[in-house]
Amino acid sequence: MKKYLYTVLAISLSIGCQPEFNDPINEVGFYSSGSADFSNYVAVGNSLTAGYADNALYLEGQLNSFPSMLANKFSLAGGGDFNQPLVSDNLGGLLVNGQQIQGNRLVLEVTAGSQSPVPIEGTPTTDIANHLEGSFNNMGIPGAKSFHLTANTYGNIGNLPAANPYFIRIASSNQATVIGDAVAQDPTFFTLWIGNNDILSFATSGGVGEDQTGNLDPFTYGSSDITDPNVFANLYNEFLKALTANGAKGAVANIPDVTSIPYFTTVPYNAIPLDESTAAMLNQAYEPYNNGLQQAALLGVITDEEATARTINFKAGQNPVVLLDEDLTDLTFINQGLTNMRQATDKDLIPLPVSSVLGTLSDPENPNSVIGVSVPLNDSQLLTASEIELVVTAQRAYNTTIKTLADQYDIAFVDIQGLMNTLAQEGVSFDGGTITNTFGTGGAFSLDGVHPTQRGYAVVANTFIKAINSKYNADLPIVNPGNYPTIFVK
Amino acid sequence: MPMKSTILLVLSLLCITASYAGGYRIALQGQKQLAMGHTGVAVINASELVFFNPSGLTFLNEKFTVSVGANLVFANISFQNQNYGWHTEDKNGVSTPFNVYAAYKVNQWVSIGLGIYTPYGSGVEYPKDWEGSHLINDISLASIFVQPTVAFKINDIVSIGGGPIFATGNVNFNRNIDRTTTDVNGNRTNVTIDKTGITAWGYNLGLTVKPSEKLTLGVNYRSKIQMDAKNGDADFQNVPEAGNLQGQFDQVTFNASLPLPAELTVGASYTINEKWLVAIDYNRVYWNAYENLNVTFSNGQSSINPRNYKNSSTYRFGIQYNATPRLVLRGGYYFDESPVQSGYFAPETPRNDSNNFTGGFSFKLSDRFAIDASFLYIHFDEIEESYDYYQENGQNVSFGGLYKNNGFVPGLGITYGF
């Protein structure tokens with residue numbers, strides 16, 4: 001009996017095999033890489049390439065970085081392994097020799113009646129002093145600007161804080177450059193998405209940095225400055241020359257509008273709700289300022305136009321915030337009280353972090369110190385229309401360079417600027433709804449308001465895939481954004 | 001009962017889940033019958049008649065006969081989706097449905113019998129967190145029917161029989177609560193519903209007519225049995241803290257109801273000569289009883305899953321050849337129609353119509369003992385299908401692709417009789 005049972009078992013096991021499809025998708029030849037070769041893919045860029053989200057680089061985010069999603073699809077068409085410099089945990093904070101230098105990722109804390117992004121609790125375990133050996137297909141370095149990719153001090157731990165903690169972890173030597181370490185891997189295919197931080201750090205700082213257009217030496221730039229477009233163009237050409245020297249194909253992405261990210265679209269310019277009596281009381285308080293403006297105009301120190309633009313006026317309902325604008329004419333020589341105040345217009349952008357101080361008291365003892373109402377927002381708390389203009393001008397120049405060089409090097413061009421504008425306008429639909437750039441609920445942007453969620457990165461990956469398919473006549477499947485999470489709730 | 005069969009039976013009891021026929025029906029109720037395309041409503045040959053047609057017991061030659069058998073079910077599912085480059089295979093669990101039947105002839109006119117068998121069940125396990133994990137990670141359904149039986153011969157031509165069925169069953173089902181929710185560490189939020197010892201009652205009735213020595217006609221009806229799982233455990237895992245502020249996902253129980261549908265069988269067998277016998281059966285399974293899989297949780301939440309099965313038919317053909325006095329060879333074929341309608345192709349039972357090929361033999365070890373062996377190969381064509389009724393934010397989200405199934409089911413039994 002037992003013998004029979006074993007015999008039957010043996011027969012069954014030998015024939016109990018998996019059903020095979022007529023056209024299995026995981027067999028060579030089902031999908032095509034077209035004229036591209038995905039066997040050794042290297043991604044170069046900044047936080048967006050690294051998989052950064054929620055103000056940190058953490059494990060889950062890296063595993064679902066857009067290059068990782070691409071590599072996953074590439075693997076169906078001849079792609080090889082994709083090695084990422086994974087951090088040690090899902091907290092995302094960084095240590096250097098045990099000392100925390102970078103905060104943990106943000107999660108949404110929900111308490112009775114309110115929800116707010118807070119750093120997740122815990123002690124991170126990723127210490128950048130623990131150097132990772134080997135080479136990494138994902139060379140996305142959070143914080144990197146264009147000129148950082150060729151900086152040979154950028155991965156030197158002795159050079160902190162100017163050096164980059166993420167590059168320090170993986171740099172092949174103290175003198176290594178990001179682009180050098182990428183090219184040394186002899187990639188057959190690359191993605192390059194760089195330049196965002198060359199304008200973004202200026203924008204997120206509220207325009208406190210300088211526009212360095214005309215200054216060709218990036219080593220003299222401050223951390224919140226706008227990179228000169230010619231510097232950008234020369235470097236970009238160098239990157240592509242180096243990455244394509246071995247005949248590699250690739251894809252480059254352009255720079256989205258800063259006005260398309262929730263960091264700047266969430267707090268409205270007229271964020272101050274007032275009732276009629278409060279408005280009247282405030283108008284009374286601002287009367288001396290408004291009168292001073294009229295006098296300055298009569299004296300001819302400012303135009304009537306400027307006087308009107310600067311006049312503070314509240315009414316019942318939503319009111320524009322009061323702010324200090326360094327571009328206005330200085331009147332303090334007439335009267336110390338005539339500071340550079342005006343009310344915001346819909347051309348001004350208020351950065352997301354300001355939402356946590358707006359309407360609160362700058363001096364808890366003084367009920368008349370409401371930030372944005374009786375205490376104006378300062379330069380770092382807003383991006384004025386003229387500052388936005390500087391950002392847009394540089395961005396246009398970068399994007400022209402990227403498109404021109406993509407054509408010149410005959411590689412795929414990925415219009416992420418277009419994608420982000422679509423997210424900001426009608427949204428991008430997927431099988432479970434529509435994702436938009438609305439902060440928190442839109443699904444596309446993580447809790448830092450700058451970086452996409454994993455679902456947001458999925459639509460970024462799809463935009464790359466479509467551009468690659470079209471440029472190289474490849475036939476890669478897309479990812480399903482519905483399978484990727486958005487924000488994380490504590 | 002021989003010692004080794006006891007071991008086999010015990011083994012079987014340990015893991016009795018299976019799945020391959022339409023829906024979650026397991027048509028593996030006898031080795032001799034399975035070898036002949038699972039025909040048997042009108043084949044007078046063994047105590048398996050307790051299941052196939054209780055009325056036939058009175059026509060058996062033996063005074064007392066017992067059969068014990070079990071099958072090894074190797075059922076496999078491959079899935080792929082061309083749009084997204086997904087490719088998934090189930091984990092190829094092996095399940096072992098079993099059966100025990102005994103029949104005793106009280107006198108010329110009355111026979112009694114007892115059957116213990118497993119006509120419904122399902123066991124599918126996908127890789128955890130696979131692309132369809134919002135529909136299922138794994139499921140294990142098992143049921144055991146116990147049926148005391150009595151049959152009366154009305155005259156030499158007509159016999160009737162039947163008995164109550166006591167059904168007991170277990171369910172264990174895990175899925176992720178949606179496509180993306182995780183705890184703060186990225187672990188997918190999921191729920192396991194588990195209930196053992198669900199019980200219910202039904203009945204089995206049959207009629208046999210032997211208009212001639214050579215021709216036998218049979219009709220059998222087995223009632224629907226509604227398995228109501230009450231206050232089972234619903235274990236929610238990896239719930240985000242903020243989603244569980246009131247502890248609404250702690251110590252949750254669930255109620256759910258699953259129909260084991262009624263089945264009507266009509267068939268005939270014809271003894272051509274001493275060597276040859278042919279049989280045909282037609283099954284109608286009233287699957288339209290399975291409209292929804294509704295799970296109601298004690299925390300006020302519920303999960304509504306339309307199934308909308310349709311009644312389905314199975315067409316069975318079998319042939320038997322007495323090769324030598326000790327060896328009987330059998331073969332068969334059946335076409336099994338799937339009760340699953342287009343658009344309702346849930347990955348827990350992702351099966352379309354199948355062509356089934358069977359074979360087997362009985363070998364007489366002695367006057368009283370015989371070994372019965374059977375083999376079933378189930379062939380499914382690959383099919384592009386989807387489940388379109390999963391809801392996310394009030395909108396239907398389709399999940400589908402190309403499915404292909406197959407099954408290999410060897411079986412072994414032993415018959416004792418005198």
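Because the structure is a prediction, the values reported are computed rather than measured.

### What about the overall build of chain B?
For step 1, the next point in the chain: Within chain B one finds 3 helices and 23 strands.
For step 2, the next point in the chain: Here the C-alpha radius of gyration of chain B, 23 Å, is about what a compact globule of 418 residues would show, namely 22 Å.
For step 3, the next point in the chain: Counting only C-alpha atoms, chain B reaches 70 × 40 × 40 Å along its principal axes.
For step 4, the next point in the chain: Taken across its 418 residues, chain B has 54% of its residues classed as buried.

### Observations regarding the overall build of chain A
For step 1, the next point in the chain: When helices and strands are tallied, chain A shows 14 helices and 16 strands.
For step 2, the next point in the chain: When its C-alpha atoms are laid out on the principal axes, chain A stretches across 105 × 60 × 45 Å.
For step 3, the next point in the chain: For chain A, with 490 residues in total, the buried portion stands at 49%.
For step 4, the next point in the chain: Pairs at least 24 apart in sequence give 72% of the contacts found in chain A among residues at least 6 apart.

### Description of the nonpolar core
For step 1, the next point in the chain: One finds V44, V178, I199, V252, A461, F464 and I468 of chain A to be the most contacted residues of the largest nonpolar core, which totals 130 residues.
For step 2, the next point in the chain: Split by domain, this core shows at least three residues from each of two domains, domain 1 (14–265 + 386–483) and domain 2 (272–343 + 349–382) of chain A.
For step 3, the next point in the chain: With sequence-adjacent residues up to four places away left out, V178 of chain A is seen in contact with V44, M139, I141, A144, H148, L149, Y154 and F167 of chain A.
For step 4, the next point in the chain: Counting residues in hydrophobic clusters, the runner-up holds 74 residues, among them V66, F145, F375 and Y403 of chain B.

### Things to note about the confidence of the model for chain B
Residues and elements named next belong to chain B.
For step 1, the next point in the chain: The predicted model of chain B has a mean per-residue pLDDT of 92, with 95% of residues at 70 or higher.
For step 2, the next point in the chain: Low confidence marks residues 1–21, where pLDDT is under 50. Its contacts with residues over four positions away, or in another chain, come to 55 contacts.
For step 3, the next point in the chain: For this predicted complex, the interface confidence reaches an ipTM of 0.86, while the overall pTM sits at 0.90.

### Describing the interface of chain A and chain B
For step 1, the next point in the chain: In this assembly, 39 residues from chain A lie in contact with 38 residues from chain B.
For step 2, the next point in the chain: Among the secondary structure elements, those contributing two or more residues to the side of chain A that touches chain B are α1 (2–15) and β4 (106–111) of chain A.
For step 3, the next point in the chain: No other element matches α1 of chain A, which puts 8 residues into the side of chain A that touches chain B.
For step 4, the next point in the chain: Taken together, the residues of the side of chain A that touches chain B break down into 22 nonpolar, 12 polar and 5 charged.

### Here we look at the packing of helix α7 (residues 196–204) of chain A against helix α12 (residues 385–408) of chain A
Angle between the axes and distance between the axes are the two parameters that describe a pair of packed helices.
Residues and elements named next belong to chain A.
For step 1, the next point in the chain: Where α7 meets α12, the closest approach of the two axes is 10 Å, and the angle between their N-to-C directions is 170 degrees. By the angle between their axes, α7 is roughly antiparallel relative to α12. Residue-level contacts link D198, I199, F202 and A203 of α7 to V391, A394, Q395 and Y398 of α12.

### A look at the sheet that holds strand β14 (residues 412–414) of chain A
The strands making up a sheet are joined through hydrogen bonds of the backbone, oriented either antiparallel or parallel.
Residue and element names in this part refer to chain A.
For step 1, the next point in the chain: Spatially, 5 strands are ordered β7-β1-β8-β9-β14 in an open sheet, and the strand pairing comes out parallel. One side of each edge strand has no neighbouring strand; the edge strands of this open sheet are β7 (138–140) and β14. Each strand axis lies, on average, 15 degrees off the axis of its neighbour in the sheet, ignoring direction.
For step 2, the next point in the chain: The sheet contact formed by strand β1 (residues 41–45) and strand β8 (residues 189–193) spans 5 bridges and is parallel. Following the sheet pairing, G45 is matched in β8 by W193.

### Brief notes about the sheet that holds strand β2 (residues 94–96) of chain A
All names here are of chain A.
For step 1, the next point in the chain: On the basis of which strands lie adjacent, the open sheet formed by 3 strands has the order β3-β2-β6 and mixed pairing. Two strands in the sheet have a free side with no partner beyond their single neighbour: β3 (99–102) and β6 (126–127).
For step 2, the next point in the chain: Bridge count between β2 and β6: 2 bridges; the pairing is parallel. Residue pairing for β6: L95 is matched across the bridge by D127.

### Comments concerning unusual backbone geometry
For step 1, the next point in the chain: Here the bond from L160 of chain A into P161 of chain A is cis, since omega is 5 degrees, no more than 30 degrees from zero.
For step 2, the next point in the chain: Here H38 of chain B, not a glycine, exhibits a phi torsion of approximately 60 degrees, which is positive.
For step 3, the next point in the chain: By the element assignment, H38 of chain B lies in the loop between α2 (31–35) and α3 (49–52).
For step 4, the next point in the chain: In this structure H38 of chain B comes out as buried when scored by C-beta crowding, with 27 C-beta atoms within 10 Å.
For step 5, the next point in the chain: One non-glycine residue, N393 of chain B, adopts positive backbone phi at about 50 degrees.

### Comments concerning the environment of G418 of chain A
For step 1, the next point in the chain: Tracing the backbone through its elements, the reader meets G418 of chain A in helix α13 (residues 416–424).
For step 2, the next point in the chain: Considered as a pair, G418 of chain A and S260 of chain A are 158 residues apart in the sequence and their alpha carbons are 9.9 Å apart.

### What to know about the domain arrangement of chain A
Residues and elements named next belong to chain A.
For step 1, the next point in the chain: The domain architecture assigned to chain A consists of domain 1 (14–265 + 386–483) and domain 2 (272–343 + 349–382).
For step 2, the next point in the chain: Here the C-alpha centroids of domain 1 and domain 2 sit 39 Å apart.
For step 3, the next point in the chain: Across the boundary between the two partners, domain 1 contributes 12 residues, which contact 8 residues of domain 2.
For step 4, the next point in the chain: Every element with two or more residues in the side of domain 1 that touches domain 2 is listed here: α9 (262–265) and α12.
For step 5, the next point in the chain: In terms of residues, the side of domain 1 that touches domain 2 owes the most to one element, α9, which gives 3 residues.
For step 6, the next point in the chain: For the side of domain 1 that touches domain 2, a count of residues per class yields 5 nonpolar, 7 polar and no charged.

### A short note on the packing of helix α4 (residues 66–74) of chain A against helix α14 (residues 454–472) of chain A
Residue and element names in this part refer to chain A.
For step 1, the next point in the chain: Two numbers describe how α4 lies on α14: the axes approach to 9 Å, and their chain directions differ by 50 degrees. Taken together, α4 and α14 sit at an angle that is classed as oblique. For the pair α4 and α14, the sense of crossing is right-handed. For the pair formed by α4 and α14, the contact residues are F66, M69, L70 and K73 on the first element and Y457, A458, V460, A461, F464 and I465 on the second.
For step 2, the next point in the chain: Of the residues that constitute the contact of α4 with α14, the class distribution is 9 nonpolar, no polar and 1 charged.

### As for the pairing of strand β9 (residues 249–253) of chain A
Two faces make up the sheet, and in a regular strand the side chains alternate between them.
Residues and elements named next belong to chain A.
For step 1, the next point in the chain: Among the 5 residues of β9, 5 are classified as buried, and the element is accordingly described as predominantly covered.
For step 2, the next point in the chain: Of the two faces of β9, the one holding K249, A251 and A253 and the one holding G250 and V252 are both buried throughout.
For step 3, the next point in the chain: Across 4 bridges, the pairing between β8 and β9 is parallel. Bridge pairing in β9 places F190 opposite G250.
For step 4, the next point in the chain: As paired strands, β9 and β14 are joined by 3 bridges and run parallel to one another. Each bridged residue has a counterpart across the sheet, and for A251 the counterpart in β14 is A412.

### Let's talk about α4 of chain A
All names here are of chain A.
For step 1, the next point in the chain: Of all 9 residues that make up α4, 7 are buried, and the element is covered over most of its length.
For step 2, the next point in the chain: Residues of α4 that are buried include every one of F66, P67, M69, L70, A71, K73 and F74, and no others.
For step 3, the next point in the chain: Where α4 is buried, its residues contact β1, α2 (47–50), β7, β8 and α14.

### Things to note about the pairing of strand β9 (residues 158–176) of chain B
Residue and element names in this part refer to chain B.
For step 1, the next point in the chain: Here strand β8 (residues 138–153) runs beside β9; their pairing, made up of 13 bridges, is antiparallel. Bridging from a neighbouring strand, L141 pairs with V171 of β9.
For step 2, the next point in the chain: As consecutive antiparallel partners, β8 and β9 are separated by 4 residues.

### Notes on α7 of chain A
All names here are of chain A.
For step 1, the next point in the chain: Of all 9 residues in α7, 9 are buried, a share of seventy percent or more.
For step 2, the next point in the chain: Along α7, the positions that sit buried rather than exposed are N196, N197, D198, I199, L200, S201, F202, A203 and T204.
For step 3, the next point in the chain: Positive backbone phi, at 75 degrees, marks G206, one or two positions downstream of α7.

### Considerations on the environment of K404 of chain B
For step 1, the next point in the chain: Mapped onto the elements of the fold, K404 of chain B is located in strand β23 (residues 395–417).
For step 2, the next point in the chain: A tally of 22 C-beta atoms within 10 Å means that K404 of chain B is categorised as buried.
For step 3, the next point in the chain: When the C-alpha positions of K404 of chain B and N352 of chain B are compared, they lie 8.8 Å apart, and in sequence the two are 52 residues distant.
For step 4, the next point in the chain: Apart from the residues lying within four places of it in its own chain, the contact partners of K404 of chain B are P19 and F21 of chain A together with S78, F380 and E382 of chain B.

Analysis parameters
- Residues numbered from 1 in each chain as written.
- Chains lettered and ligands numbered in written order.
- Predicted model: local features only at pLDDT ≥ 70, side-chain atom pairs only at ≥ 80, totals over all residues.
- Helix = DSSP H or I, 4+ residues; strand = E, 2+ residues; numbered from the N terminus.
- Rg over C-alpha atoms; globule rule 2.2 N^0.38 Å.
- Buried ≥ 20, exposed ≤ 12 C-beta atoms within 10 Å, placed from the backbone.
- Contact = placed C-beta atoms within 7 Å.
- Core = buried A, V, L, I, M, F, W, Y, C linked by C-beta atoms within 7 Å.
- Domains from an automatic or database assignment.
- pLDDT = per-residue confidence, 0-100.
- Nonpolar A, V, L, I, M, F, W, Y, C, P; charged D, E, K, R; others polar.
- Axes fitted to C-alpha atoms, helices over the stretch in contact; angles between N-to-C directions.
- Parallel < 35°, antiparallel > 145°, perpendicular 65-115°, else oblique.
- Pairing = 2+ DSSP bridges.
- Left-handed = near helix turned anticlockwise from the far one by under 90°.

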